[in-house]
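Close look at the chain arrangement
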Amino acid sequence: MNPTIQNIKVICTAPEGINLVVVKVETSEPGLYGLGCATFAYRHLTVKHLIETYLTPLLLGREVRNITELWNLMHQNAYWRTGPIVNNAISGIDMALWDIKGKMAGMPVYDLLGGKVRAGVPVYRHVDGRDVEEICDNIEKFREIGLRYLRCQMGGYGGDGYGEAPSWAAKGSLPGVYLDSDAYMRNTLHLFEQIRIREGEEIKLVHDVHERIHPTEAVTFVKDMEPYHLFFLEDVVPMEHLDWLERIRQVSSTPLSQGELFNNPAEYKRCVQNRLFDYMRVHLSQVGGITPARKLQLFCQEYGVRTCWHGPGDMSPVAHAANIHLDLASENLGLQEWSGIEPPNFVIQKLNGIHGALLEVFSGLPEYGNDGFVYANDKPGLGVDIDEKKAAAYPCTAEVTTWTQTRNPDGFLQRP
Ligand code: MG
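What you see is a predicted model, and the numbers here were worked out from it, not measured in a lab.

A few words on empty space enclosed by the protein. A full pass over the atoms with the stated rule returns 1 cavity of 30 Å³ or more. Empty space within the largest cavity amounts to approximately 40 Å³. Around the largest cavity, the lining residues are Glu211, Asp235, Met239, Gln258, Gly259, Glu260, Leu261 and Phe262. Split into classes, the residues belonging to the lining of the largest cavity amount to 3 nonpolar, 2 polar and 3 charged.

Moving on to the sheet that holds strand β3 (residues 33-37). Strand order in the open sheet formed by 3 strands is β1-β2-β3, and the pairing between neighbours is antiparallel. Each end of this open sheet is capped by a strand with a single partner; those strands are β1 (5-13) and β3. Between one strand axis and the next, the sheet turns through 20° on average, direction left out of account. Inspection of the sheet shows β1 paired to strand β2 (residues 20-27) by 8 bridges, in the antiparallel sense. Its bridge partner lying in β2, Ile8 is registered against Val25.

Domain assignment breaks the protein chain into domain 1 (5-108) and domain 2 (112-380 + 405-414). On a C-alpha basis, the centres of domain 1 and domain 2 stand 26 Å from each other. The interface is formed by 32 residues belonging to domain 1 together with 31 residues belonging to domain 2. On the domain 1 side of the contact with domain 2, Glu16, Trp98 and Pro108 bury the most area, a combined 24% of that side's loss. Counting every contact that joins domain 1 to domain 2 gives 0 salt bridges. If you look at where domain 1 meets domain 2, you find 9 residue pairs in polar contact (both at pLDDT 80 or more). Among the elements of the structure, β2, β3, α2 (67-76) and α3 (84-105) are those that each provide at least two residues to the side of domain 1 that touches domain 2.

Protein coordination at the magnesium ion comes from Asp208 (OD), Glu234 (OE) and Glu260 (OE), with a distance range of 2.1 to 2.3 Å. As a motif over one chain, the donors of the magnesium ion read D-x25-E-x25-E. Residue Asp208 is located in strand β7 (residues 204-208), and its partner Glu234 is located in strand β8 (residues 232-234); the two are separated by 26 residues in the primary sequence. The class for Asp208 is buried, based on a relative accessible area of 2%. The buried category is assigned to Glu234, whose relative accessible area is 0%.

Below, the discussion takes up a negative patch on the surface. On the surface, a cluster of negative charge is made up of Asp131, Asp137, Glu140 and Glu144. Inspection of the secondary structure assignment puts Glu140 in helix α5 (residues 132-144).

Attention shifts here to unusual backbone geometry. Positive phi, normally seen in glycine, also occurs at Thr82, with a value near 70°. Here Thr82 is to be found in the loop between α2 and α3. Positive phi, close to 50°, is recorded for Arg275, a residue that is not glycine. In this fold, Arg275 is placed in the loop between α9 (265-273) and β10 (279-280).

Calculation criteria
Residues numbered from 1 in each chain as written. Predicted model: local features only at pLDDT ≥ 70, side-chain atom pairs only at ≥ 80, totals over all residues. Heavy atoms only, no water. 1 Å grid on protein atoms, 1.4 Å probe; cavity = no way out; pocket = protein on both sides within 12 Å on 5 of 7 lines; lining within 4 Å. Points joined across faces, edges and corners; volume = space filled by probe spheres on them. Nonpolar A, V, L, I, M, F, W, Y, C, P; charged D, E, K, R; others polar. Pairing = 2+ DSSP bridges. Helix = DSSP H or I, 4+ residues; strand = E, 2+ residues; numbered from the N terminus. Axes fitted to C-alpha atoms, helices over the stretch in contact; angles between N-to-C directions. Domains from an automatic or database assignment. Contact = heavy atoms within 4.5 Å. Buried area = accessible area lost by both parts, 1.4 Å probe. Salt bridge = Lys/Arg side-chain N within 4 Å of Asp/Glu carboxyl O. Polar contact = N/O pair within 3.5 Å; in protein donor to acceptor, adjacent residues only side chain to side chain. Donors = N, O, S within 2.8 Å, 3.2 Å for Na, K, Ca; no water. Buried < 20%, exposed > 50% of the residue type's maximum accessible area, 1.4 Å probe, protein only. Patch = residues over 30% accessible without salt bridge, like charges linked within 9 Å, V, L, I, M, F, W, Y side chains within 5 Å. Areas by Shrake-Rupley, 256 points an atom, 1.4 Å probe, with all protein chains shown as cover. Lys, Arg positive; Asp, Glu negative; His and termini not counted. Charge placed at Lys NZ, Arg CZ, Asp CG, Glu CD.

This is the structure in structure tokens:
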């Protein structure tokens, strides 16, 4: 059996109001197909257009088994390469090819990667709230269902929602998500102090700065967070200022994570070699799928850097499955971000307001075991399937993105 690519479908669906892009690669073998995630939620039509107009004609008739050859073919075909649009498009095909290869072999993808090195994948969930009380209440609810790692944020990433400039902003400032970095840092230090007093030392804590302070502020903030013994502190500087991590490392022992915005090895190679952070947080579809992520994971392993792949709500269950399969086969897994995709009526859904629509459209998802760990199913490939008719009932929309319009008190547009 040597199947070739016969057809490529781009399925856009938004079961929970978040645009998801799933690629279905159909082969010359009847019934043999694979699914991949090409989700770039804020530019979904551009990714769809690229796959349909440029990648499909390039790939039709080619042998599905040559994943590395096809990845390189897609990567360099337009001469100018890398970036979120093209990488997400490539990822959709790449994951689908791994899914197909697993089905051909009769093995889950983690077996193709060398087999399981662990039984379950330790995950963290997001705890948010308006104040210390609400956040501690939510921490306790998560602990009751076995979570050992929690990311705690007060009011999202420390700013208000999108709207008119607040009274404390400079006169004439434009609408945005307003952030006062002094207040954010002060409130966050208070929050973690209180969490440790109320919840003890056993729970492992994560916090995401989301690049929302200046590198100069990051130097002192990372140091000030030391007493709360974080598992890691994420994105303390924007990727344009990664060099500042050298200085931050000199003054603080707080573990750091970085990487959801990385596009290509040129951006992260030196960071790994110099161990500028402890956890690599790449978004699998953003770097081009399982093929480059596996290379990156093995590269990190050689330098003692662990992985914690990005696992937010704005990626499809196919990508969540890809994360879990890689995690199961990775010696240097640190932790996995998990967005709480669980069977209907599972208690935790109520905390995040996640309803069952995602599970109407997708089946075969990895599942949370009520014990702090996520488990993959043992089906061949990635194990996830899609109901195309149900997917069509949840159309995507193209709207102007507002949450990225983060602003400082003087009205300056801050990195989101
Ligand atoms: Mg993040």
